[in-house]
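Spelled out, the chains give:
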Amino acid sequence: MEYRSLGRTGVQLSPLCLGAMMFGPWGNNDRTDATRIIHRAIDAGINFIDTADVYSGGVSEEIVGQALEGRREDVFLATKFFMPMSEDPNQRGGSRRWIIREVENSLRRLDTDYIDLYQVHRPSPDTDVEETLGALTDLVRQGKVRYIGSSSYSGSQIVEAQWASRERNLERFVTEQPPYSILVRGIEEDILPTAQRHGMGTLTYSPLSGGWLSGRWRKNSASTPTSSARPNARFDMSSPANQRKLDIVEELAQLAEQSGMTLIELAIAFVINHPGVTAAIVGPRTMEQLESYLPAADITLSTDVLDRIDQLIAPGVTVNPDDNSYGAHELTPLARRR
């Protein structure tokens, strides 16, 4: 794999990041098998692993920590905080109180002395960004965290955080983690250029758009998402937006075949071919899935292929807006004074 710089940090990372969300009860609860997948990814050249405290209620971090025994220095290890970890309203969010407490929990579960990248999983309209940055700055100065980052921030929130860091002499977010795929291109209009202007690395998640680009769901196929855990708006096959997605998937499948690659390879290669993207986070549940992702790291899409994709989905467009994970607060009736 050809490694690339994480923003302006000088850290060199693989273009594929191993996402650990599916390790644990949420996906693959066989710890031995999950460890094999992690080791295979490292052996294939992936030097970047991303998880979060909330994934399987902390079990994902435990599995990653166990798998990295003796190999901790081989990887750049990232995790996240913010999502509720219990019904206690203070065991969540971006407050100093919770950050200082939860980082210790993550360090324990990961069985490590430090976290390479500690990320805020979501922005909070109820917490001053300076409070969050101040607590994270203390963790960096204590040596418990090397770098800090954000996830699912809007362009204006990225700018606000960068301004606060400079104004208050605090550590700055060096990464942003947004959703990005052929079907979800909204970040091209604002978030990607904003992150680039501020010298941030961009670590995109869901390059297969929640399975839409895996080939699992096709037009006129009986196989449709049935899990109650999946958001209805994103997987309601009767909605016009999702019907449009099915049409596009058919076109993309043909394009991939004509180009001598799988739909999965086309989808992942599209993401990591963007000059503003540092790495695409792939979250395999099985070894077979991991193996299907790996070839994409070495694929460069031709101009003709990229032009055809742009004809199907214009740059900056998200086919179904429900696939975005940012901006929800600004569009609530309360925020719109209704």
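Keep in mind that what you see is a predicted model, and the values were worked out from it rather than measured.

Let us now look at the overall build of the protein chain. Secondary structure summary: the protein chain contains 11 helices and 10 strands in total. In summary, the protein chain has a C-alpha radius of gyration of 19 Å against a globular reference of 20 Å for 338 residues, a match within 12%. Projecting the C-alpha coordinates of the protein chain onto the three principal axes gives extents of approximately 55 × 55 × 40 Å. Put simply, the protein chain has 338 residues, and 54% of those count as buried. Pairs at least 24 apart in sequence give 79% of the contacts found in the protein chain among residues at least 6 apart. Accessible surface for the protein chain amounts to roughly 15000 Å². Of this, 46% is attributable to carbon and sulfur atoms. Here the protein chain holds 35 positive side-chain charges and 45 negative ones, and the gap between their average locations is 3 Å.

This part is about the nonpolar core. Formed by 86 residues in total, the largest nonpolar core has its most connected members in Ile38, Tyr118, Leu136, Phe173, Leu252 and Leu266. The dominant element in this core, judged by the number of residues it contributes, is helix H9 (residues 263-272), at nine residues. Here phenylalanine 173 is in contact with Val120, Leu133, Leu136, Ile148, Gly149, Ser150, Tyr153, Ala161, Gln162 and Met200, once residues within four sequence places are set aside.

Turning our eyes to something else, we now look at the pattern of salt bridges. If you walk through the whole model with that rule in mind, you get 16 salt bridges. Among the ionic pairs, arginine 96 bridges to aspartate 138, the shortest N-O distance being 2.8 Å. Of this pair, arginine 96 sits in helix H3 (residues 96-110) while aspartate 138 sits in helix H4 (residues 129-141), and the two are 42 residues apart along the sequence. Ionic pairing is found between arginine 168 and glutamate 130, a salt bridge with its closest N-O pair at 3.2 Å. Of this pair, arginine 168 sits in helix H5 (residues 155-168) while glutamate 130 sits in helix H4, and the two are 38 residues apart along the sequence. Classification of glutamate 130 by relative accessible area gives partly exposed; the value is 26%. One salt-bridge network, in which partners are shared between bridges, spans Asp43, Arg71 and Asp74.

What follows deals with the pairing of strand E8 (residues 173-177). For E8, a buried count of five out of five residues is recorded, marking the element as mostly surrounded by other parts of the structure. Two elements, strand E7 (residues 145-151) and E8, share four bridges in a ladder whose sense is parallel. Counted as the bridge partner of serine 151 is glutamine 177 from E8. In this region the chain leaves E7, passes through H5 and returns to the parallel neighbour E8; the handedness of that crossover is right-handed. Taken together, E8, helix H6 (residues 191-197) and strand E9 (residues 201-205) form a β-α-β motif whose crossover is right-handed.

Sheets are built from strands paired through backbone hydrogen bonds, the pairs being either parallel or antiparallel. With parallel pairing, the eight strands of this closed barrel are ordered in space as E3-E4-E5-E6-E7-E8-E9-E10. Going from strand to strand, the sheet's axes swing by 30° on average, the running direction of each strand aside. Contacts between H3 and the sheet are confined to strand E5 (76-81), strand E6 (115-120) and E7, with E6 contributing the most and set at about 135° to the helix. Each of E5, E6, E7 and E8 is contacted by H4, which is oriented at about 155° to E7, the strand it contacts most.

On to the packing of helix H2 (residues 59-67) against H3. Contact pair H2 / H3: the axes reach a minimum separation of 7 Å and the direction vectors enclose 45°. For the element pair H2 / H3, the angle class is oblique. Together, Glu61, Glu62, Val64 and Gly65 of H2 and Ser106, Arg109 and Leu110 of H3 make up the contact between the two elements.

Here we come to the environment of serine 86. Structurally, serine 86 can be placed in the loop between E5 and H3. Between the C-alpha atom of serine 86 and that of valine 145, which follows or precedes it by 59 residues, the distance is 24 Å. Those residues in contact with serine 86 that lie beyond four places of it in its chain are Gln91 and Arg92. In this structure the side chain of serine 86 is engaged in a polar contact, spanning 2.9 Å, whose partner is the side chain of glutamine 91.

Let us now look at H2. Within H2, seven of the nine residues are buried, which leaves the element mostly enclosed by the surrounding structure. Buried residues along H2 sit against helix H1 (31-43), strand E4 (48-50), E5 and H3.

Turning our eyes to something else, we now look at the packing of H4 against H5. The relative placement of two packed helices is expressed as an angle between their axes plus a distance between the axes. Look at H4 against H5: their axes get within 10 Å of each other, and the N-to-C directions meet at 60°. The pairing of H4 with H5 is recorded here as oblique in orientation. Considering only the axes of H4 and H5, their crossing is right-handed. Facing Val129, Glu130 and Leu133 of H4, the residues of H5 in contact are Glu160, Ala161, Trp163, Ala164, Ser165 and Arg168. When its residues are assigned to classes, the contact of H4 with H5 shows five nonpolar, one polar and three charged.

Attention now goes to the environment of lysine 144. Mapped onto the fold, lysine 144 is located in the loop between H4 and E7. On the basis of relative accessible area, lysine 144 is assigned to the partly exposed category, the value being 24%. Along the backbone, lysine 144 and isoleucine 37 are 107 residues apart, and their C-alpha atoms lie at a distance of 27 Å. When sequence neighbours within four positions are dropped, the list of residues in contact with lysine 144 reads Glu104, Leu107, Asp113, Tyr114, Ile115 and Leu139.

What counts and what doesn't
- Residues numbered from 1 in each chain as written.
- Predicted model: local features only at pLDDT ≥ 70, side-chain atom pairs only at ≥ 80, totals over all residues.
- Heavy atoms only, no water.
- Helix = DSSP H or I, 4+ residues; strand = E, 2+ residues; numbered from the N terminus.
- Rg over C-alpha atoms; globule rule 2.2 N^0.38 Å.
- Buried < 20%, exposed > 50% of the residue type's maximum accessible area, 1.4 Å probe, protein only.
- Contact = heavy atoms within 4.5 Å.
- Areas by Shrake-Rupley, 256 points an atom, 1.4 Å probe, with all protein chains shown as cover.
- Lys, Arg positive; Asp, Glu negative; His and termini not counted.
- Charge placed at Lys NZ, Arg CZ, Asp CG, Glu CD.
- Core = buried A, V, L, I, M, F, W, Y, C linked by side-chain atoms within 4.5 Å.
- Salt bridge = Lys/Arg side-chain N within 4 Å of Asp/Glu carboxyl O.
- Pairing = 2+ DSSP bridges.
- Right-handed = clockwise from strand over helix to strand, strands pointing away.
- Axes fitted to C-alpha atoms, helices over the stretch in contact; angles between N-to-C directions.
- Parallel < 35°, antiparallel > 145°, perpendicular 65-115°, else oblique.
- Polar contact = N/O pair within 3.5 Å; in protein donor to acceptor, adjacent residues only side chain to side chain.
- Left-handed = near helix turned anticlockwise from the far one by under 90°.
- Nonpolar A, V, L, I, M, F, W, Y, C, P; charged D, E, K, R; others polar.

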